[in-house]
Amino acid sequence: MTLVTYTVDQHIATVVLNRQEAANALSIDLLHEYIETLHKIEQDLTIRVVLITGAGEHVFCAGADLKERKKMPESQVMETVSLIGEAVDITARLKQPTIAVLNGSAFGGGLELALACDLRVANAFAQVGLTETSLGIIPGAGGTQRLPRLIGIGLAKELIYTARRISADEAHRIGLVEHVFAKELVHEKAMELAKEIAGNAPLSLRQAKRALQQGMQVPIEKGLVIEREAYEKLLYTEDRKEGLRAFEEKRKPNYEGK
């Protein structure tokens, strides 16, 4: 069985973690398929937005496959943790804007994967949490770094120290997810958001993401330099010229990513 599937429609790729019988847990085989899938997507210039979700209606991703990990020697455990980190990092570095569609709950590495996306939308019945300290470990795929950058250091410490699971509504209140929708609407609404993004110039989307991602990690003076460099890369593109023509002609632009 294919453990990760993806389809492309109207410049939007939908990636599905396909281990519903195992709560879409991050097994070694799934991780390898996921990394390979994202490499293909990044190289496809026709893809402008990427949705990442899980199979089924109850769980986005339960995190690491603990049944698989229980059988591993300690040396292989560290290799697997590194592999999860690689999958999460590749998600964060993907050049296209990404939306985590939390069709259900996300715990541990599953939430870390969602944190690596640009935006998160959640099923109203979903729960989320970095639960690793209850298992004798800590978030090891970026959770201790990405969560505080998203919701602030104090709340991040509380959630990680307590291993607390919170509701989708609470996650929305603290800024961990951007939107919460009814279970039957979450995929539809995520696609609406993706289409709104995909209607804009694809090269601009990539450069805006680059400026935002890199600029937030440095002092504002350096961030402004990064922004200017990103802007300059768009000056001589056909898409910029098309945007100006469409504005003058009062029509919708036809961007081609050139």
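Residues numbered from 1 in each chain as written. Predicted model: local features only at pLDDT ≥ 70, side-chain atom pairs only at ≥ 80, totals over all residues. Heavy atoms only, no water.

**Student:** Even after reading the chapter, I still don't get the nonpolar core, so can you show me in this structure?
**Tutor:** Ranked by internal contacts, the top residues of the largest apolar core, which has 52 residues, are Tyr-34, Leu-102, Leu-147 and Leu-176. Excluding residues within four positions of it along the chain, Leu-147 makes contact with Leu-115, Leu-130, Gly-142, Gly-152, Ala-156, Leu-159, Ile-160 and Leu-176. Counting 14 residues, the second-largest nonpolar core is a separate cluster that includes Ile-12, Ile-99, Ala-194 and Leu-205. (Core = buried A, V, L, I, M, F, W, Y, C linked by side-chain atoms within 4.5 Å. Buried < 20%, exposed > 50% of the residue type's maximum accessible area, 1.4 Å probe, protein only. Contact = heavy atoms within 4.5 Å.)

**Student:** In this structure, what is going on with the side chain of Thr-37? I would like to understand it.
**Tutor:** With respect to the helices and strands, the residue Thr-37 is situated in helix α1 (residues 28–43). Apart from residues no more than four positions distant in its own chain, Thr-37 is found in contact with Val-4, Tyr-6 and Val-15. (Helix = DSSP H or I, 4+ residues; strand = E, 2+ residues; numbered from the N terminus.)

**Student:** Is there a simple way to think about the packing of aromatic side chains in this case?
**Tutor:** The geometry of an aromatic ring pair is captured by the separation of the ring centres together with the interplanar angle, meaning the angle of the planes. As enumerated under the stated definition, the model contains 0 aromatic pairs in all. It is Arg-165 that lies over the ring of Phe-107; its NZ or CZ is 4.0 Å from the centre. (Phe/Tyr/Trp six-rings, centres within 6.5 Å; stacked < 30°, edge-to-face > 60°. Lys NZ or Arg CZ within 6 Å of the ring centre and 35° of its normal.)

**Student:** How should the environment of Gln-43 be read in this particular structure?
**Tutor:** Tracing the sequence through the fold places Gln-43 in helix α1. In this structure, the C-alpha to C-alpha distance between Gln-43 and Pro-148, residues 105 residues apart in sequence, is 31 Å.

**Student:** Please explain the sheet that holds strand β6 (residues 105–107) as it appears in this structure.
**Tutor:** In sheet architecture, strand pairing relies on hydrogen bonds along the backbone and comes in two forms, parallel and antiparallel. On the basis of which strands lie adjacent, the open sheet formed by 4 strands has the order β4-β6-β8-β9 and mixed pairing. If you trace the sheet from one side to the other, it starts and ends with β4 (59–61) and β9 (166–167), each paired once. (Pairing = 2+ DSSP bridges.)

**Student:** Would you explain the sheet that holds strand β1 (residues 4–9) in this entry?
**Tutor:** Here 6 strands make up an open sheet; going across it, the order is β1-β2-β3-β5-β7-β10 and the pairing mixed. Edge positions in the sheet fall to β1 and β10 (179–181), since each of these pairs with one other strand and no more. In this sheet, neighbouring strand axes are inclined to one another by 20 degrees on average, regardless of whether the strands run parallel or antiparallel. On top of the sheet, helix α8 (residues 186–198) reaches β2 (12–17), β3 (49–54), β5 (98–102), β7 (119–123) and β10; it is set at about 175 degrees to β5, its chief contact. (Axes fitted to C-alpha atoms, helices over the stretch in contact; angles between N-to-C directions.)

**Student:** How should helix α3 (residues 74–93) be read in this particular structure?
**Tutor:** Because an α-helix packs 3.6 residues into every turn, residues spaced three or four apart end up facing the same way. The terminal C-alpha atoms of α3, which comprises 20 residues, lie 29 Å apart, in line with the 28 Å expected from a rise of 1.5 Å per residue. Residues Val-77, Thr-80, Leu-83, Ile-84, Gly-85, Ala-87, Val-88, Ile-90, Thr-91 and Ala-92 constitute the buried set of α3. (Expected span 1.5 Å × (residues − 1).)

In short, the description is geometric, and any link to function would need to be established separately.
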